[in-house]
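# Observations on chain architecture
Given next are the chains, with one letter for each unit.
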Amino acid sequence: MSEHRRRSPNPGGEEPSGRQADGGRPYAYGSPPEGAPSYGRTGERPSGGRPTAQQPRPTRAELRRKGGGGAGSGGDGGGRRGGAGAPPTGRNGKPAKKRFIDYPRFGKTGLWRWIPSWKLQFTTFLVFFAGGVAAVGIAYAMTPIPDLNKIVQTQNNIYYWADNTEMTRQGDNNRQVVELGDISKDLQNAAISTENASFWTDSGIDPKGIGRAVYNMATGGETQGGSTITQQYVKNAYLSQEQTLSRKVRELFITLKVNQEDGKEKILTGYLNTSWFGRGATGAQAAAQAYYGVDAKNLNLCQSAFLAGLLKGAALYDPAVPANKDRAVKRWNEVLDRMVTTGAITKEQRAGCAEFPMPITKKASPSMNGQVSYMVEMADAYLMAKDTSVTQAVLDKGGFQIHTTFQKDKVDALKKAVDDFRADTLKPDKREKDQDVQIGAATVLPNDGAILAIYGGQGVEEGHHTNNANTSGIPVGSTFKPIVLAAAMQTGVQTETGNDGKPKRINAESRYLADDMAEIHKPDGSPVLEDGKPYHQKNSGRSKPGYVSLREAMRNSYNVPFVQLGQDVGGKTVGDLAKAMGLNNGLTDPSTTTFPLGTSTPSAIRMASAYSVFAARGQQTDPYSVSKVVKNGVELKTIVKPAPKQVLEEAVADNVTDVLQTVAKSGTGSKTNELGRPVAGKTGTTDGGRSAWWVGYTPSLVTSVGMWREKAGTPGLMTLSGTAGKDEIHGGDFPTDIFTRYMKAILNGQPKETFPKPGEIGEQVDSSGAPATASASASASATVPVPDPTTIAPTVPSLTPSAPASPSNSPSSTESCLIPAFCPSGSPSSTRTKPPKPTGTATGTGTPPTSDPANGVAPNNAN
C-alpha cells in the first residue's frame, strides 16, 4: 500500500493513546501491554487522542530518513537495514556481507529484484564472449591439416558372389598427384571460372553458403556443399561426405587454416588433384588419361572446358552414355561462355572451340570383362539408391565390401547359352540383318526377389557398355497378356455383375471372339473409336477361329480377345495390377486400346520379377542385387532385404500359371518341352518385329529373355525380320531357344518340380455374341445387365478371397446375340478401317532404352 493511502487525513491532530507522536512504531490497539518496550522518545502519549486506526503509519523510507527512529534504528532493532550511514545487517544483527554476484538483487523488491544490473549483464557478455573466442582458438589450434599424399591413397572395393567368394576388385591406381605446373593453364582457368571466379582474392569461405547449409541440415532441407574452391578442396581431401553439423564445423576450421597457411596455388593444386571427374578418375591427370588419353599438361582449351564441366556432376555429363550427350554439349558451352565473361579467354579463343571434343571410348579394366561390369554397375547403383550418403565419388574412394545376389554358375550358364545361340544361328559376317542383334536376360528368385543371373551384353571389352538386362525402352509384346487375364480373374469384368453388384470374376474357360480384324467394344456395348471410326484389331495371322476360351487365346497368342478383355476389365485396373506386380517403370498409357498387347517397355529384370508373382502364388517382392555392404569393417544398416507383399490371390496366380503351362506345352512356347519338366511362360512379339520375348518359369526360377536390333550409340530399334534368314521372328523362336539352353544347364540333375493344382476361381463369363453351349454360364442367359462402368470400375485389385461361383445350370437362351453392339459383324470387308498403329508402342524412333534404378542401375535420363 502506498504512503498516501496509509497517511491520516488529519496529520496535525492529537495522537491516540499508546502511539508515539513523532512516528515511532505504534501498537495497533491502545496502550502497550505491561512490560512491553517503549518505542517513543518523549515519554507517554497524552490522553485524549484519536483512535489508533486513524493514525498514519510511517514508511520504511521515512524511518531511514529520520536516522534511527523505530524499527530501523541503530543496530539492535532487528531490521535488515539500519539508519542512514549504517551498514546493512543480517537477521542476526551483524553487518551483511556483500555478494559477488548480486542476483537476485539485494535491497530491491518486485520486478526490479529480478532484472540484472547493467554491470552484471555486461560482465556476463564479456565472460561468454571471451570463452567463445578461447574455444574457437583452441579448436582452430588443435585442428590439424592432414597429409595430402596419405589421403589420396585409395582402397579397393571388393565385390562378392552370392556364395561369398570374390567376384572382382575395383578402384585401384586411377589417381595421380601432379604439380600445378603439370596441369594445363586452360583447365586451371576453366575450373576457376565455373566454380569460384573470385578464388584468387576471396578468404576461402562463403559465410552465406555455410549458413544456408547449416540451416538446411537443421531443418531437414536439401544439403549443400562448399561453394568456394577452398571449401570443395577441404571436403574432397580431408572430410567424409556425411552432411552433419560437426562435419560442417570441421570444414570451417580446416578451410580457415588451409587458407591461412597454404597459398592459393597450393590450394588449387590440391583441388585439381582431389576432384572427381567420373570414369573412376580422381584428379586432373587421371581424368585427362581417362577421357582423352593425354597428360593433364597437354589438354587444350576445348578439352579443358569439358573436364571442368564434369566437376558439377560427372555422372550426368559423360557422353559415353548416349542420353548424356546433349547435356554434356550444353554444359561445355556454358563453361566456355563463363570463361569469356570472367576474362579468362577472349571471344576469339572461344570461337576456336566450335566442335565438341568427343572423349575416347571408355576403357575397361581386365577384371571387369564379360558380365562383371554390368553386375558391378548394378550393385553400385543399388547401393547408392538405398543409401543416399554413398555417391559415386565416395565409391571411387573405395573401402567397400559389397555382397551381391549373383550366382556364378547361373551367370556363366546364361552367358554360354547366349554365346552358343549366336554361334549356331547368327552369321553377322554374311548377313547384314544378323548384325547389331541385342539380347538381354535375367533370372529372379520367386518368393525372395534376388537377382541370380543377368546377361547384359557381349561385354565392355567388346565395346558394349549398356546393360541390356536392365534396359527399358523395348516393348514386351504379348508377354503382357497374362497380367490382363490375372486382372480379369481378380477384379472381374464390367460387362456383368454378380449378386453383390461388383464386376463378375471370370475363369480361363470364358470365351471371347478371336477373329482377325474384329471390332472392339467398350463395356457399355458401344464401339471403341479411333480417329472417329470403329476400331478393328488384327492378329498376327488372318485366321478367324470364332469364339475361343481365354486359355486357347493365350496358347495361340491371339490379340483380339485380350484387347476386348482389357476393355471389359478397364485399362486403369490392368495398369494398377501391373504396377502392383512390380512393373512401375516403362508402363505406357493404360487408357490406350492396345495397352493389353504389351506396348509398355519394362526391362528384362522387371519382367522376370513380375512373372515371379505367378510362380510365388501371388506374392510380389522387389528385385534386388545387393544383400550386404560393409564399409571399413562396419555393416551398413541401410541395406535391407525387400519385404514381400501379397498382390494376387493364390487361386488367381495358380490359374494363370495353369494357363501358361498350356502355352509352354502345346502353344507358342513348345520348344521348352525339351526340358522334360513342367514349365510355364509366355512369348511376346511386337508390331513390325522390333522385339521378341520369352518369359518362363519353374516353381523355383523365373527367367526372361528379350531380343531386338539396335546399333551401338544410335538409339532406335530396327526390325528383326530377316535375322538368321527368317522372314519373321517371334518370341517362340530365338528367345525361347536361349531359355531352353540355359535351363537345361542349370537344372541338369535337379529333381523335377510341379506347380500347385489350381483351385476354382470365378466363372465362365463369355463375351457377348458367344454361341450358347451346355457349359456356358449365366452370362449367356437371356438377361445380361450392362452396368455403368463409371460407377463400378475397380481401381485397386482386391485381395479378399471369395467363393467361386458355380456354373449356372439354367437353360441356355435360344438367342445367341443379346446386345446388338456386341454382336459379331461378320467377315471383315474391304471397307473396314485398318486399325491404327498401337499408341505408345516403342518403334525405335522415340526415347532410347534406359535403365531402371530400382534394380540397381540409375537411369540415363528421366523416364
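Within every chain, residues take consecutive numbers counted from 1 along the sequence as written. Reporting in this predicted model follows two pLDDT cut-offs: at least 70 for local features of residues, and 80 or more for side-chain atom pairs to be given and counted; totals over whole chains, interfaces and linings ignore these cut-offs and use all residues. In computing side-chain properties, one takes all heavy atoms of the structure into account and sets aside hydrogens as well as water.

As a further point, take the overall build of the protein. Helix and strand definitions here come from DSSP, where helices need a minimum of 4 consecutive H or I residues and strands a minimum of 2 consecutive E residues; each element is numbered from the N-terminal end. For the protein, the count of helices and strands is 25 helices and 24 strands. Residue burial in the protein is summarised as follows: out of 863 residues, 49% are buried. Counting contacts in the protein only where the partners sit at least 6 residues apart, residues at least 24 apart contribute 71% of the total. Working definition of accessibility: Shrake-Rupley area with a 1.4 Å probe, residue cover restricted to the visible protein chains. Approximately 40,600 Å² of the protein is accessible, and the part contributed by carbon and sulfur atoms is 52%. Exposed residues in this analysis have more than 50% of their type's maximum accessible area, buried residues have under 20%, and partly exposed residues fall in between, with area computed by a 1.4 Å probe over protein chains only. Only heavy atoms matter for contacts: two residues are in contact if any of them lie within 4.5 Å across the pair.

On to the pairing of strand 23 (residues 702–709), then. Among the eight residues in strand 23, eight count as buried, and that is most of the element. With eight bridges joining them, strand 6 (residues 437–444) and strand 23 adopt antiparallel strand pairing. Directly across from Ala-441, in strand 23, lies its bridge partner Val-705. At least two bridges found by DSSP between two strands are what make those strands a pair. Inspection of the sheet shows strand 22 (residues 691–697) paired to strand 23 by seven bridges, in the antiparallel sense. In the sheet register, Tyr-697 faces strand 23, and the bridge partner there is Val-702. From the end of strand 22 to the start of strand 23, which pair antiparallel, there are four residues.

What follows is about a nonpolar patch on the surface. Residues qualify for a patch when their relative accessible area is over 30% and they have no salt bridge, like charges being joined within 9 Å and the nonpolar side chains of Val, Leu, Ile, Met, Phe, Trp and Tyr within 5 Å. By salt bridge we mean one thing: a side-chain nitrogen of Lys or Arg within 4 Å of a carboxyl oxygen of Asp or Glu. Judged by side-chain polarity, Trp-118, Phe-122, Phe-125, Leu-126, Phe-129 and Val-133 come together as a nonpolar surface patch covering roughly 700 Å² of accessible area. Topologically, Phe-129 is positioned in helix 3 (residues 118–142).

Once that is clear, we can look at the state of the cysteines. Any two cysteine sulfur atoms lying within 2.5 Å of each other are counted as a disulfide. For the structure shown, the criterion picks out one disulfide. The disulfide that involves Cys-302 links it to Cys-353, with 2.1 Å between the sulfurs. Here the S-S torsion is close to -100°, and the disulfide linking Cys-302 with Cys-353 is therefore left-handed. You can see Cys-302 sitting in helix 11 (residues 301–310) and its partner Cys-353 sitting in the loop between helix 14 (347–351) and helix 15 (372–386), a full 51 residues away along the chain. Residue classification places Cys-302 among the buried positions, given a relative accessible area of 15%. For Cys-353, a relative accessible area of 4% gives the class buried.

Glancing now at the packing of helix 11 against helix 13 (residues 325–341). The axes of two packed helices give the description: the angle between them and the distance between them. Note on method: axes are straight lines fitted to C-alpha atoms, helices fitted across the in-contact stretch only, with angles between N-to-C directions ranging 0 to 180 degrees. Here helix 11 crosses helix 13 at 110°, and the two axes come no closer than 8 Å. Taken together, the axes of helix 11 and helix 13 lie roughly perpendicular to each other. The hand of the helix 11/helix 13 crossing is right-handed. Along its contact with helix 11, which presents Leu-301, Cys-302, Ala-305, Phe-306, Ala-308 and Gly-309, the element helix 13 presents Ala-328, Arg-331, Trp-332, Val-335, Leu-336 and Met-339. All residues other than Ala, Val, Leu, Ile, Met, Phe, Trp, Tyr, Cys, Pro, Asp, Glu, Lys and Arg, Gly among them, are scored as polar; the first ten of these are nonpolar and the last four charged. Its residues placed into classes, the contact of helix 11 with helix 13 shows ten nonpolar, one polar and one charged. By the definition adopted for this analysis, an angle is roughly parallel if under 35 degrees, roughly antiparallel if over 145, roughly perpendicular if from 65 to 115, and oblique otherwise. By the definition used in this description, the sense in which the near helix is turned from the far one sets the handedness, with an anticlockwise turn below a right angle giving left-handed and a clockwise turn giving right-handed.

Counting buried positions along strand 9 (residues 493–497) yields five of five residues, so the element is predominantly enclosed. Pairing analysis gives two bridges linking strand 9 to strand 10 (residues 503–504), with the strands arranged antiparallel. By the bridge assignment for strand 10, Val-493 is matched with Lys-504. Where strand 9 folds back onto strand 10 in an antiparallel hairpin, the turn is made up of five residues, including Gly-501, whose phi is positive at roughly 80°.

The next thing to look at is the environment of Lys-397. Summarising the element assignment, Lys-397 is placed in helix 16 (residues 392–397). Taking the relative accessible area as the measure of exposure, Lys-397 reaches 29% and is therefore partly exposed. It is 7.8 Å that separates the C-alpha atoms of Lys-397 and Asn-156, two residues lying 241 residues apart in sequence.

Let us now look at helix 17 (residues 408–425). Along its 18 residues, helix 17 runs 26 Å from first to last C-alpha, staying within 8% of the 26 Å computed at 1.5 Å per residue. Taken as a whole, helix 17 has its buried residues at Lys-410, Val-411, Ala-413, Leu-414, Ala-417, Val-418, Phe-421, Arg-422 and Thr-425. Taken together, the buried residues of helix 17 touch helix 15, strand 6, strand 7 (451–455), strand 23 and helix 24 (734–747). Expected span, for any helix, means 1.5 Å times one less than how many residues it has.

The next subject is helix 22 (residues 604–615). Because an α-helix completes one turn every 3.6 residues, residues spaced three or four positions apart along the sequence face the same direction. Here helix 22 contains twelve residues, and its C-alpha end-to-end distance of 16 Å stays within 8% of the 16 Å for a straight helix at 1.5 Å per residue. Most of helix 22 sits out of view: twelve of its twelve residues are buried. Every buried residue of helix 22 is accounted for by Ala-604, Ile-605, Arg-606, Met-607, Ala-608, Ser-609, Ala-610, Tyr-611, Ser-612, Val-613, Phe-614 and Ala-615.

Moving on, we get to the sheet that holds strand 23. One open sheet holds the five strands; their spatial order is 7-6-23-22-21, and the pairing between them is antiparallel. Of all the strands in the sheet, just strand 7 and strand 21 (680–685) have a single pairing partner and so form its edges. Adjacent strand axes in the sheet meet at a mean angle of 10°, parallel and antiparallel pairs treated alike. In this sheet, strand 22 lies alongside strand 21 in antiparallel orientation, the contact comprising six bridges. Paired with Gly-684 across the two strands is Trp-693, which belongs to strand 22. Its contacts with the sheet place helix 17 against strand 6, strand 7 and strand 23, and it is angled at close to 25° to strand 7.

Summed over all chains, the structure comprises 26 salt bridges. For the salt bridge of Lys-416 with Asp-420, the shortest nitrogen-to-oxygen distance reads 2.7 Å. Taken together, the residues span about one helical turn, with Lys-416 and Asp-420 both in helix 17 at a distance of four residues. Given a relative accessible area of 28%, Asp-420 falls into the partly exposed group. The network of salt bridges with shared partners includes Asp-424, Asp-737 and Arg-741.

The subject of this paragraph is the packing of aromatic side chains. Each aromatic pair joins two rings of Phe, Tyr and Trp (for Trp, the six-membered one) with centres within 6.5 Å, and gets the label stacked for planes under 30 degrees apart, edge-to-face for over 60, and tilted for any other angle. Under the defined criterion, the tally for this structure stands at twelve aromatic pairs. An angle of 65° between the planes, with centres 5.7 Å apart, marks the rings of Trp-694 and Phe-739 as edge-to-face. Note that Trp-694 is positioned in strand 22 and Phe-739 in helix 24, a separation of 45 residues in sequence. Among the residues examined, Trp-694 registers a relative accessible area of 0% and is labelled buried. Taking relative accessible area as the criterion, Phe-739 reaches 0% and is therefore assigned buried. Seen from their ring centres, Tyr-697 and Phe-755 are 5.7 Å apart, and the 85° between their planes marks the pair as edge-to-face.

Within the element layout of this structure, Asn-655 appears in helix 23 (residues 650–666). Contact partners of Asn-655, with chain neighbours within four places excluded, come to Met-489, Pro-758, Gly-759 and Ile-761.

With that settled, consider the side chain of Asp-448. Turning to its location among the elements, Asp-448 is positioned in the loop between strand 6 and strand 7. Within the structure, the side chain of Asp-448 is placed 3.0 Å from the backbone nitrogen of Ala-450, a separation counted as a polar contact. Apart from the residues within four sequence positions on either side, Asp-448 is in contact with Thr-621, Asp-622, Tyr-624 and Lys-641. In protein, a polar contact means a hydrogen-donor-capable atom and an acceptor-capable atom, both N or O and within 3.5 Å, with residues adjacent in sequence counting only if both atoms are side-chain atoms; elsewhere, any N or O pair within 3.5 Å suffices.

Overall, the predicted model of the protein reaches an average pLDDT of 80, with 72% of residues at or above 70. Per-residue confidence from the predictor is reported as pLDDT, which spans 0 to 100. Note on residues 11–24: pLDDT is under 50 here. Beyond four places in sequence and across chains, it has 42 contacts. Taken as a whole, residues 857–863 scores under 50 in pLDDT and shows 24 contacts with residues more than four places along the chain or in a different chain.

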